[in-house]
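Residues per chain, in single letters:
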Amino acid sequence: MEYLHKKLDGLSENLDFNFHSKCEKLKLVDLSFADNLLLFSMGDKVSVTMMMDIFSSFSLSIGLKVNPNKCYLYCGGMLEGEQEAIMKITGLCKGNLPFRYLGIPLSSKKLSNNQCLVLVDCIVAKLSHWSSHMLSYAGRVQLVNRVSFGSVNYWLSCIPLPKGVIKCIEAKCRSFVWSGKSSITRKAPVAWEKMCLPKNLGGIGIINLQVPDERLVLGLSESLAKSGVEGPGVRYTKSVWENVLRWMQVRHGPRGWNEEMAWLIKICKSRKWRGHIVKMAIAEVIYETWWDRNMVVHSIENSNRDTTKRVIDNIVYRLWAYPKYREKLDLMLMP
């Protein structure tokens, strides 16, 4: 793939080749991940022909060929005649946007309710399986928690879901728990909010999808905190987070996990400058702690690494490009 990438990079020097409008600044022609490849160009015959000629040469060199059944052509802002001409050049069928990768629809915009119906259909299929009709109430609760919500969490770990989709999924799961059917009914002796409470608070521990999506992102830090870096992982992560908060001049002491997560969700909703910096700090602390954990797991020498300093340096480097943050950073950088 490196050979193909270098050959496609040579198109940037050819004046006849036109980049895709969103890729021109980056001079981007291809993206590859594992055995998947994406090619980008303007929708004109010359550019597409040049790109396909290089790919054909690559195929002849190493023997890899395009499987028409697994490859698709995606067009935007083009007439039908132009699309048909490009389809003849490439030999590919036209696909529909957004396309799916690892089961997740990919789009440059926030997904609509209709684009997420595939997730709802997947959950309904699991709930409607013949074996699920033989379950007791306890069995239905376990199926909803372990199987159905597992699919939702996978999507939420990649992209935010529309609230309408989450409400629809909860309605179908609620009906299944009480009636054994996925069709929405009003048979609910107990409010769903109470059922989602922990068992020690009178609920049955069903996962509540109505919590903000930030909780699923912040959940990464919980697993990192329990991973065990430099002794107890919680102690290490807490010390790094305390140092970063002190540098940001935020008067807050880390508490228990639930209290800390509630505070983070609250402050991340703020549109003020400090809320934006805290969100970036969360991401940097998670990443750097994860990096340190991998160093320990793989027995890599890491004695000279100052995690707090790296987090601060990354925050300053990323935010300095925005003039509105420079004055705030100057104050925080003062001794």
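Residues numbered from 1 in each chain as written. Predicted model: local features only at pLDDT ≥ 70, side-chain atom pairs only at ≥ 80, totals over all residues. Heavy atoms only, no water.

### A short note on the overall build of the chain
Phase 1: On a plain count of helices and strands, the chain comes out with 13 helices and 6 strands.
Phase 2: Expressed as a percentage of the 335 residues in the chain, the buried residues total 36%.
Phase 3: Sequence-distant contacts in the chain: of pairs separated by 6 or more residues, those separated by 24 or more amount to 55%.
Phase 4: Taken as a whole, the chain presents about 21300 Å² of accessible surface, with 56% of it coming from carbon and sulfur. (Helix = DSSP H or I, 4+ residues; strand = E, 2+ residues; numbered from the N terminus. Buried < 20%, exposed > 50% of the residue type's maximum accessible area, 1.4 Å probe, protein only. Contact = heavy atoms within 4.5 Å. Areas by Shrake-Rupley, 256 points an atom, 1.4 Å probe, with all protein chains shown as cover.)

### As for the confidence of the model for the chain
Phase 1: Here the chain shows a mean pLDDT of 78. Residues at 70 or above account for 87%.
Phase 2: No element of the chain has a lower mean pLDDT than helix α8 (residues 214-225), at 46, and none a higher one than helix α3 (residues 80-90), at 89. (pLDDT = per-residue confidence, 0-100.)

### A short note on the packing of aromatic side chains
Phase 1: Applying the stated rule across the entire model yields 6 aromatic pairs.
Phase 2: Aromatic side chains Phe17 and Phe19 sit 5.3 Å apart centroid to centroid with 85 degrees between the ring planes, which places their arrangement in the edge-to-face category.
Phase 3: Taking 6.2 Å as the distance between ring centres and 85 degrees as the angle between the ring planes, the aromatic pair formed by Tyr322 and Tyr325 counts as edge-to-face.
Phase 4: Of note, Arg140 hangs over the ring of Tyr137, and the distance from its end group to the ring centre comes to 5.0 Å. (Phe/Tyr/Trp six-rings, centres within 6.5 Å; stacked < 30°, edge-to-face > 60°. Lys NZ or Arg CZ within 6 Å of the ring centre and 35° of its normal.)

### Some remarks on the pairing of strand β1 (residues 30-33)
Phase 1: Note that β1 and strand β2 (residues 36-39) share 4 bridges and pair antiparallel. Considered in β2, the bridge of Leu31 is made with Leu38.
Phase 2: Between the end of β1 and the start of β2, which pair antiparallel, lie 2 residues, with Ala34 showing a positive phi angle near 55 degrees. (Pairing = 2+ DSSP bridges.)

### Remarks on unusual backbone geometry
Phase 1: Here the phi dihedral of Lys27 falls at roughly 55 degrees; this positive angle occurs in a residue that is not glycine.
Phase 2: Looking at the secondary structure, you find Lys27 in the loop between α1 (2-9) and β1.
Phase 3: Unlike most non-glycine residues, Gln249 shows phi in positive territory, near 60 degrees.
Phase 4: Within the fold, Gln249 resides in the loop between α9 (233-247) and α10 (257-268).
Phase 5: Using a relative accessible area of 46% as the deciding quantity, one classes Gln249 as partly exposed.

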